[in-house]
Amino acid sequence: MSDFQFMVIYFKVLPITIHIKQSYWKIATNLDSGILISSAYWVNQIMVSNPITITLWHDYTWPWCFISLGRLNELSKSFSLKLDIRSFILKPDIPKEGRLKSGTYSQLPTALSQAAEELGLKIKSPYFIPYTIYALELTELSKQYDLAKSFHLAVYSAYWENQEDIGNITVLERLSLNVGLPRVSVQEALQNHSFLPK
């Protein structure tokens, strides 16, 4: 069986059933906050040796991307998945120094808190919005070293669980080195911006 791609996009969608030859993979969605891949089953058995390619479009400032990544990790325990991480700039107007959130502190939506708790994530409501382009550039770099998943999780955890500024070069270099990216490659990527569109 050949691979297929399912593009995960974060806006209101209807529940989707994907037809894979004689098999079906039903994906439950949350219509208010984005896609929540909450269950999967096969009507007819397929060979799990053929990985399913999941294309995940993300920005680190959107928490449901973090949740969906956790749910995909859960699914990967039962099915052979190949994660294709793609970057999307959700807030292109954020300056390089980031921006404090306006208004008073707000709690996370109940649905988000419950979803995070189910996955063992201790996410908090950030008080600022970071500049994410540097982090997205390093996400592309991490693919070259087969470390995209590890880097992805490290950055999401740093921002949503530890309230770190993931627009800060020092923070990003530390996260990059912790997952195994070469220091020289990280510095070159950030100096030359070789992963940005020309």
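The structure contained in this document is the topic of the report that follows.

Thresholds applied
- Residues numbered from 1 in each chain as written.
- Predicted model: local features only at pLDDT ≥ 70, side-chain atom pairs only at ≥ 80, totals over all residues.
- Heavy atoms only, no water.
- Core = buried A, V, L, I, M, F, W, Y, C linked by side-chain atoms within 4.5 Å.
- Buried < 20%, exposed > 50% of the residue type's maximum accessible area, 1.4 Å probe, protein only.
- Helix = DSSP H or I, 4+ residues; strand = E, 2+ residues; numbered from the N terminus.
- Contact = heavy atoms within 4.5 Å.
- 1 Å grid on protein atoms, 1.4 Å probe; cavity = no way out; pocket = protein on both sides within 12 Å on 5 of 7 lines; lining within 4 Å.
- Points joined across faces, edges and corners; volume = space filled by probe spheres on them.
- Nonpolar A, V, L, I, M, F, W, Y, C, P; charged D, E, K, R; others polar.
- Salt bridge = Lys/Arg side-chain N within 4 Å of Asp/Glu carboxyl O.

Here we come to the nonpolar core. One finds Tyr 60, Ile 123 and Leu 138 to be the most contacted residues of the largest nonpolar core, which totals 38 residues. Sorting the residues of this core by element identifies α1 (63-75), α2 (110-118), β7 (128-129), α3 (133-144), α4 (148-161), α5 (169-179) and α6 (183-192) as the ones contributing at least two each. No other element matches α4, which puts seven residues into this core. If we ignore the near neighbours within four places in the chain, the residues touching Ile 123 are Phe 66, Leu 108, Leu 112, Ala 116, Trp 160 and Glu 161. Judged by nonpolar contacts, the second largest core, of five residues, contains Ile 52, Ile 54, Leu 72 and Leu 75.

On to the layout of surface pockets. A volume near 300 Å³ is recorded for the largest pocket. As for the largest pocket, its lining consists of 15 residues, and the residues nearest its centre are Leu 81, Lys 82, Leu 83, Asp 84 and Lys 149. Considering every element that reaches the lining of the largest pocket, the biggest residue donor is strand β5 (residues 81-87), with five residues. There is about 250 Å³ of room inside the second largest pocket. Forming the boundary of the second largest pocket are 18 residues, of which Pro 63, Lys 101, Leu 108, Pro 109 and Trp 160 lie nearest the centre. For the lining of the second largest pocket, the elements supplying multiple residues, two or more each, are α1 and α4. In terms of residue class, the lining of the second largest pocket is made up of 11 nonpolar, five polar and two charged.

Mapped onto the elements of the fold, Asn 178 is located in helix α5. When its relative accessible area of 59% is taken as the criterion, Asn 178 is described as exposed. C-alpha separation for the pair Asn 178 and Ser 150, spaced 28 residues apart in sequence, amounts to 9.5 Å.

Considering all chains together, one arrives at six salt bridges under this definition. Measuring nitrogen to oxygen at the nearest pair gives 2.9 Å for the salt bridge that ties Arg 86 to Asp 84. Accessibility expressed as a relative area gives 31% for Arg 86, which makes it partly exposed. Of the charged contacts in the structure, one is a salt bridge between Arg 174 and Glu 164, with a shortest N-O distance of 2.1 Å. Of this pair, Arg 174 sits in helix α5 while Glu 164 sits in the loop between α4 and α5, placing them 10 residues apart in sequence. By relative accessible area, Arg 174 is classed as partly exposed at 35%.

Its location among the elements puts Leu 153 in helix α4. Sequence-wise, Leu 153 and Gly 70 are 83 residues apart; in three dimensions their C-alpha atoms are separated by 8.8 Å.

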